[in-house]
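The chain contents come next:
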Amino acid sequence: MNKPELRAKIKEEKLKLSEQFILDYSTKISRLFFSLPAYKEANVIYTYVAFNNEIITEYIIEQALKDGKKVAVPKVECPGIIEFYYITDLASLQPGTYNILEPNSLNCQKAEDKDFLMIIPGLAFDKNHNRLGYGGGYYDRFIKRAKDSGKNLKKIAVAYPFQVVSEIPAMEFDEKVDIILAADEII
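First, a word on scope: everything that follows refers to the structure included in this document. (Residues numbered from 1 in each chain as written. Predicted model: local features only at pLDDT ≥ 70, side-chain atom pairs only at ≥ 80, totals over all residues. Heavy atoms only, no water.)

**Remarks on the nonpolar core**
No. 1: Residues F33, Y46, F84, M118 and L181 are the most contacted members of the largest nonpolar core, which totals 57 residues.
No. 2: With near-sequence residues (within four places) excluded, Y46 lies in contact with A72, F84, A111, E112, D113, F116, L117, M118, I119 and F142.
No. 3: Listed in part, the seven residues of the second largest apolar core include L6, L123, A124 and L132. (Core = buried A, V, L, I, M, F, W, Y, C linked by side-chain atoms within 4.5 Å. Buried < 20%, exposed > 50% of the residue type's maximum accessible area, 1.4 Å probe, protein only. Contact = heavy atoms within 4.5 Å.)

As structure tokens, then:
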């Protein structure tokens, strides 16, 4: 299956999810995330804010802040480019590009950490840790810039079981994830 076909298939599956399933599953994945040594050792978490039936990350954001970790979320700066900004609570977010909640960059400080744990959104993942994003390349470009500037980041994907597929056609510029959390499994 090519990338456009796989994107369409996964988007269709996500539309079938009930609100209760999303809430329950997001809670389950959050618990699995908190059990990771990578989470326990991290001082800074960069994470997406859930949109369009994605796994809810607000639970992770709130707990990480309670645990004394710095939390940063993305803001679209210009087409194809995201930057991360620290937030101190969910009230720091407002609808932004694509109507996704983003930090208000006037009230939030730009995150520029050397080491951080990053939760990356995606439509599909495979057991070789390839990631199929939404097609804009925002995260691939951000990760490449971070690596090129000497930053050390560990990339974690959270996924519904149907988002883990046998194979994703990957290109050389596609950034892999380090860990995939799906169902009760750490891949």
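**A short note on the pattern of salt bridges**
No. 1: Enumeration according to the criterion identifies twelve salt bridges in this entry.
No. 2: Notably, a salt bridge pairs D113 with K70, separated by 3.6 Å at the nearest N-O pair. With D113 in the loop between β5 (101–103) and β6 (115–120) and K70 in strand β2 (residues 70–78), this residue pair connects regions lying 43 residues apart in the sequence.
No. 3: Given the relative accessible area of 41%, K70 is considered partly exposed.
No. 4: For the salt bridge of E185 with K127, the shortest nitrogen-to-oxygen distance reads 3.7 Å. Of the two residues, E185 sits in strand β12 (residues 185–186) while K127 sits in the loop between β7 (124–126) and β8 (131–132), which places them 58 residues apart along the sequence.
No. 5: Taking relative accessible area as the criterion, E185 reaches 39% and is therefore assigned partly exposed.
No. 6: Through salt bridges that share partners, E83, K110 and R145 make up one connected network. (Salt bridge = Lys/Arg side-chain N within 4 Å of Asp/Glu carboxyl O. Helix = DSSP H or I, 4+ residues; strand = E, 2+ residues; numbered from the N terminus.)

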